[in-house]
Every structure is written in structure tokens, then in C-alpha cells.
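Below are the chains, spelled out letter by letter.
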Amino acid sequence: MNARPRPHLPMRPRWLCRNCAAPWPCGPAQLTLAAKFYGHSIALAFYLAASMHDAVDDAYGLGLRPNLPAMHARFLGWLSQARRHRRSGRA
Ligand SMILES: [Zn+2]
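Below, the structure is looked at part by part. Please read these numbers as outputs of a predicted model, since none were measured by experiment.

## Quick word on the environment of Phe-46
In step 1: Tracing the sequence through the fold places Phe-46 in helix H2 (residues 41–61).
In step 2: Under the C-beta neighbour-count criterion, Phe-46 is labelled exposed, with 12 such atoms within 10 Å.
In step 3: With 30 residues separating them in the primary sequence, Phe-46 and Leu-76 have C-alpha atoms 9.6 Å apart.

What follows is the structure, given as C-alpha cells:
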């Protein structure tokens with residue numbers, strides 16, 4: 001009955017996707033974010049950095065020791081890759 005696609009949003013405190021259970025931001029979430037923040041890559045970077053900060057805090061809250069370089073790659077690494085594909089910088 002409910003045919004609407006479920007959004008790919010993070011489920012705290014483990015930051016897994018509510019929809020596909022992949023580590024957030026999963027592929028579909030990245031596409032959604034890139035579309036939502038299109039033309040506002042700085043704002044997107046800030047949003048992802050804030051999310052990463054929350055995820056690190058949550059990991060400590062769970063008694064885990066988050067791998068910070070891995071967290072950075074997961075939350076922000078895909079961004080520079082996406083930007084590299086698009087060649088339209090301000091030059
Ligand atoms: Zn997902």
C-alpha cells in the first residue's frame with residue numbers, strides 16, 4: 001500500500017542506514033545529498049563534518065574507539081571524489 005521509497009537516513013547511534021543498513025552515508029544517501037546540496041558543496045562539507053562529529057561522539061558513547069581516518073574517509077572522502085568528477089571549479 002505504501003509505495004513511497006524509504007529515505008536513506010542514518011540510524012543513530014550506530015550510523016547505519018535505516019533503509020539498506022549500510023554504513024551511512026550509503027550510496028543512495030550520497031546521491032540524495034549531492035542532489036540536495038547541488039551548488040552548495042561547502043554547506044554539504046559542513047553538514048557531513050558535523051555528522052561525522054556526531055558519529056564519533058556516538059561511537060565513544062557506545063564504548064567504541066572510532067577509527068578517525070576511516071570515519072573521515074567514510075563521511076567526507078566520497079565528497080572530494082565526487083568533486084573530482086565534476087570539472088567545473090571556480091578557476
Ligand atoms: Zn541506504
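Moving on, there is more to tell.
## Side note on H2
In step 1: Here H2 contains 21 residues, and its C-alpha end-to-end distance of 30 Å stays within 8% of the 30 Å for a straight helix at 1.5 Å per residue.
In step 2: Residue Gly-63 follows H2 closely and has a positive phi angle near 80 degrees.

## A look at the environment of Tyr-47
In step 1: Here Tyr-47 is to be found in helix H2.
In step 2: A count of 15 C-beta atoms within 10 Å places Tyr-47 in the partly exposed class.
In step 3: For the pair Tyr-47 and Phe-37, spaced 10 residues apart in the sequence, the C-alpha separation amounts to 9.8 Å.

## A short note on the nonpolar core
In step 1: Within the largest apolar cluster, 5 residues are counted, these being Trp-15, Cys-17, Trp-24, Ala-29 and Ala-55.
In step 2: Excluding its chain neighbours within four sequence positions, the residues that come into contact with Ala-55 are Trp-15 and Met-71.

## Considering unusual backbone geometry
In step 1: For the bond running from Arg-12 to Pro-13, omega is 5 degrees, close enough to zero to count as cis.
In step 2: Looking along the chain, the bond that leaves Trp-24 and enters Pro-25 is cis, with omega of 0 degrees.
In step 3: Backbone geometry at Trp-15 places phi at a positive 60 degrees, although glycine is not the residue there.
In step 4: Phi at Ala-21 takes a positive value of approximately 65 degrees, unusual for a residue other than glycine.

Procedures and definitions
Residues numbered from 1 in each chain as written. Predicted model: local features only at pLDDT ≥ 70, side-chain atom pairs only at ≥ 80, totals over all residues. Helix = DSSP H or I, 4+ residues; strand = E, 2+ residues; numbered from the N terminus. Buried ≥ 20, exposed ≤ 12 C-beta atoms within 10 Å, placed from the backbone. Expected span 1.5 Å × (residues − 1). Core = buried A, V, L, I, M, F, W, Y, C linked by C-beta atoms within 7 Å. Contact = placed C-beta atoms within 7 Å.

Nothing here speaks to function; it is geometry throughout.
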